[in-house]
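Structural characterization, general
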Amino acid sequence: MLESQVDLKSLSREDRLARMRHSAAHVLAEAMVELMPEAELGIGPPIDTGFYYDFRLPRPLTQEDLAWLEDRMRQSIAKRHAFNMAQTTRAEAEKLWEKQIFKLDLLKDIEDDNITQCTHGTFTDLCRGGHVNHTGEIPAFKLTSIAGAYWRGTEKNPMLQRIYGALFETAKELEEYEKQQEEAKRRDHRKIGRDLKLFDLYGDVGPGHVVWLPNGATIRRELMRWIEDLELERGYQHVITPAVAKRQLYEKSGHFAHYQDAMYPLMEREGEEYCLRPMNCPHHIMIYQGEQRSYRELPLRIAELANMHRWEKSGQVSGMSRVRIMTLNDAHIFCADAKMVESEVGGVLRLMEDVYATLGLKDYTYRLSLGDPDDKEKYVDNPEMWVQGEALLRNVLQQVGLPFYEAKGEAAFYGPKIDVQFKTAAGKDETLVTVQVDFHLPAQFELEYITESGERARPIMVHRGILSTMERMVALLIEEYEGNFPLWLCPVQAVIIPIADRHIEYAEELAALMKKHKLRVEIDGRSERMNGKIRDAQLKKIPYMLVAGDREVESKSVAVRTRGGGNLGTAPFDDVLQQLVQERDSKSLTLNVKAASPTA
Ligand SMILES: [Zn+2]
Ligand SMILES: [Zn+2]
């Protein structure tokens, strides 16, 4: 026995959980060989929330299999089998694993000729160690899902079946985790996006190439108009540049050297090579460089809602949150000096705060992402620039009074940045947008401006996003609102429901008045029952239903229902119209229309 008794309590929570999860994977494999003796075993590591194990099996797994396996695992746990490590020679190990091609494949990676195996009960696995003492120390767990996974993660290898398990120290933690998973599933933007017909992905268009359907395009258009207006008010100049450029533009910027793998392949015509841009910075630099610049023009803020292209692996693209073609709410601010950078970055942070507050987003933090002076390969080697840039951003964050934390080794290759870190519905931390200070690209492109005293000087660039990409922002908002968008963003803001055919004319009259105020309204003139129509509108998450029957026609009023099931009663139509316009224009996060008006 190589592994001595381990006192779990003396370990950190992280180490303890890793041992428990790793041990549970062994027990899962044990149960699997009992279920299907011909199972070929892959690997079974611990992960953040539990463990998994990969198998090649004679048939696809079912939910019943999971239940059966879980039951067998509990039996093994009840027996408190000790985990015993033993050493064999390479030859013995090869004999032991002769029928297990994946284990033989793993053996090739092991340099040491003493091979360790772990046995509990009658089950043995190839293993380096790191267990609990016996199966009885495996706490609350649950087999959660089945997925496909290539052996060693590459498509050239066979596809295996992966079983995921969740494992926590207490039943309460496990329950909380399951609740959060259910919540994430309910909020999943891919599901809601399909239900509400916001976007779709088509095989022939390609993975990661999002198609925005009319409803999703409406939300996106509202966001784009809004942010453009906010930027124009703040002195940004909006431009439109092509998504393609010659290869040399991206060679000069350094993107080609650092990003080639993440770019679409080059296109060649008439002896020239072209690329789909992975970023917009070089295009905006061309605009800066297109004329001689004076200090009077700085800061020069160039903005664009611009298409970018990144070659994400097909296995990694997902819904709208990981895509290959995206539209970034991008801007580059050319500054004369560090002081100007500070004031511009301050302005960017304040704009962010305004925008996120309007959208009702609260679950985010600012991260100051620093370079790593020891990593000369990943980062541009210019120590002075890093020190200056990092100090500058730290300063601004403190001045604006925003809480933040620092993270080494998270910077862009050319400079430090502020990342806005969001929590997704699934509980993952994601960078939504960044603000970067860049001394590097201005030097690469030899950018200049004429100073007040007539000399040539080099500007400093700030790269920034506010709304992130339209794809990521809309995915985030779908999950944040669970599809219940605030009125100003709703694809359809109200549906008018005539009770009988004789009320259709009145409905059309109201719809025309609403459209005059640019409200997005539909009439449900189908010969369904009123309750059915209300239910359909609620499923589509349309915020307001305006019902019209004889009484309403006569008094020029409507009966108001809400998507949440509220029945607000009857109110004069003009009054409701006014309230709708007010709610939309104020970008209210809640539905505020009140039908019980004093004049009713
Ligand atoms: Zn092990
Ligand atoms: Zn940029």
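Residues numbered from 1 in each chain as written. Chains lettered and ligands numbered in written order. Predicted model: local features only at pLDDT ≥ 70, side-chain atom pairs only at ≥ 80, totals over all residues. Heavy atoms only, no water.

Below, the discussion takes up the overall build of the chain. Looking only at helices and strands, the chain features 18 helices and 28 strands. Expressed along its principal axes, the backbone C-alpha trace of the chain runs to roughly 85 × 75 × 55 Å. The buried share of the chain, reckoned over its 600 residues, is 50%. Sequence-distant contacts in the chain: of pairs separated by 6 or more residues, those separated by 24 or more amount to 70%. (Helix = DSSP H or I, 4+ residues; strand = E, 2+ residues; numbered from the N terminus. Buried < 20%, exposed > 50% of the residue type's maximum accessible area, 1.4 Å probe, protein only. Contact = heavy atoms within 4.5 Å.)

The zinc ion (ligand 2) binds to the protein through C281 (SG), H332 (NE2) and H463 (ND1), with metal-donor distances spanning 2.0 to 2.3 Å. Taken in sequence order, the residues that donate to the zinc ion (ligand 2) follow the motif C-x50-H-x130-H. Of this pair, C281 sits in helix α10 (residues 281-289) while H463 sits in strand β23 (residues 460-469), placing them 182 residues apart in sequence. Of the two residues examined, C281 and H463, each falls in the buried class. (Donors = N, O, S within 2.8 Å, 3.2 Å for Na, K, Ca; no water.)

Every protein donor of the zinc ion (ligand 1) is listed here as H22 (NE2), H26 (NE2), C127 (SG) and H131 (NE2), and their distances to the metal cover 1.9 to 2.1 Å. Coordination geometry of the zinc ion (ligand 1): the four donor atoms subtend angles of 98 to 126° at the metal centre, consistent with an arrangement described as tetrahedral. Binding-site remark: the zinc ion (ligand 1) is held by donors from one chain whose sequence spacing is H-x3-H-x100-C-x3-H. One end of the pair is H22 and the other is H26, both in helix α1 (residues 13-35) and four residues apart, which spans about a single turn. The burial state of H22 is the same as that of H26; both residues are buried. (Tetrahedral: all angles 85-135°; square planar, octahedral: opposite > 155°, others 65-115°.)

What follows is about helix α14 (residues 470-481). For α14, which comprises twelve residues, the first-to-last C-alpha distance of 16 Å matches the rise-based estimate of 16 Å (1.5 Å per residue) to within 8%. Where burial is concerned, most of α14 is hidden: ten out of the twelve residues are buried. Inspection of α14 places M470, E471, M473, V474, A475, L476, L477, I478, E479 and Y481 among the buried residues, and these make up the whole buried set. Note on α14: the residue one or two positions beyond its end, E482, has a positive phi of about 55°. (Expected span 1.5 Å × (residues − 1).)

Pairing geometry for strand β17 (residues 364-370) and strand β18 (residues 404-408), over five bridges, is parallel. By the bridge assignment, L370 is partnered in β18 with K408. The parallel pair β17 and β18, bridged by helix α12 (residues 383-400), forms a crossover whose chirality is right-handed. (Pairing = 2+ DSSP bridges. Right-handed = clockwise from strand over helix to strand, strands pointing away.)

By a widespread convention, an interface's size corresponds to the accessible area lost as its parts come together. For the chain, the domain assignment lists domain 1 (8-181), domain 2 (194-239 + 278-481) and domain 3 (487-585). Taking the mean C-alpha position of each, domain 1 and domain 3 sit 57 Å from one another. (Domains from an automatic or database assignment.)

Our focus in this paragraph is the sheet that holds β18. Spatial ordering of the open sheet is given by β11-β15-β16-β23-β20-β19-β17-β18, a layout of eight strands whose pairing is mixed. Looking at the sheet topology across the chains shown, the edges are occupied by β11 (237-238) and β18. This element, helix α11 (residues 338-359), spans β15 (300-309), β16 (325-335), β17, β19 (417-423), β20 (429-438) and β23 of the sheet and lies at about 5° to β23. Running over the sheet, α12 touches β17, β18, β19 and β20 and is turned about 160° from β17. (Axes fitted to C-alpha atoms, helices over the stretch in contact; angles between N-to-C directions.)

With that settled, consider the packing of aromatic side chains. Per the counting criterion, the structure on display carries 14 aromatic pairs. Summarising the aromatic geometry, the rings of F102 and W151 are spaced 4.9 Å apart at their centres and angled 45° between planes, so their arrangement reads as tilted. Here F102, found in helix α4 (residues 101-109), pairs with W151, found in the loop between β7 (141-150) and β8 (159-167); they are 49 residues apart in sequence, far enough to count as distant. Per residue, the accessibility class of F102 equals that of W151, and both read buried. Ring geometry for W226 against W488: centres 5.1 Å apart, planes inclined by 70°, an arrangement best described as edge-to-face. Of this pair, W226 sits in helix α7 (residues 214-233) while W488 sits in the loop between α14 and β24 (494-498); the two residues are 262 residues apart in sequence, bridging distant segments of the chain. Of the aromatic side chains, those joined through ring pairs into one cluster are Y356, Y364, Y366 and F422. (Phe/Tyr/Trp six-rings, centres within 6.5 Å; stacked < 30°, edge-to-face > 60°.)

This part is about the side chain of H283. Along the chain, H283 falls in helix α10. Here V244 takes part through its backbone oxygen, which lies 3.4 Å from a polar atom of the side chain of H283. A distance of 3.3 Å separates polar atoms of two side chains, one belonging to H283 and the other to Y250. Dropping the residues within four chain positions of it, H283 is found in contact with T241, P242, V244, A245, L249, Y250 and R277. (Polar contact = N/O pair within 3.5 Å; in protein donor to acceptor, adjacent residues only side chain to side chain.)

To continue, consider the sheet that holds strand β28 (residues 567-572). Pairing is mixed in the open sheet, where five strands are placed in the order β25-β24-β26-β27-β28. Two strands lie at the open edges of the sheet, namely β25 (521-523) and β28, each paired on one side alone. With strand direction ignored, the average angle separating the axes of adjacent strands in the sheet is 25°. Taken together, the five bridges between β24 and strand β26 (residues 544-548) define a ladder with parallel strand orientation. Looking at β26, one finds that V495 is bridged to M545.

With that settled, the discussion passes to the nonpolar core. L223, M352, V355, Y356, L359 and M473 are the most contacted members of the largest nonpolar core, which totals 91 residues. The element best represented in this core is α11, accounting for ten residues. In terms of nonpolar packing, the next biggest core, distinct from the first, is built from 34 residues, L17, A24, A25 and F51 among them. (Core = buried A, V, L, I, M, F, W, Y, C linked by side-chain atoms within 4.5 Å.)

Here R301 shows up in strand β15. A polar atom in the side chain of R301 sits 2.7 Å from the side chain of E344. Discounting chain neighbours no more than four positions away, the residues touching R301 are R234, G235, Y236, Q237, H332, I333 and E344.

On to unusual backbone geometry. The bulk of non-glycine residues show a negative phi, and the bulk of peptide bonds are trans. Here the amide bond leading from L298 into P299 is cis, since omega sits at 0°, within 30 degrees of zero. Secondary-structure assignment places P299 in the loop between α10 and β15. The phi torsion at K518 lies on the positive side, around 60°, for a residue other than glycine. Looking at the secondary structure, you find K518 in the loop between α15 (504-516) and β25. Positive phi, normally seen in glycine, also occurs at K587, with a value near 55°. Relative to the helices and strands, K587 resides in the segment after α18 (573-585).

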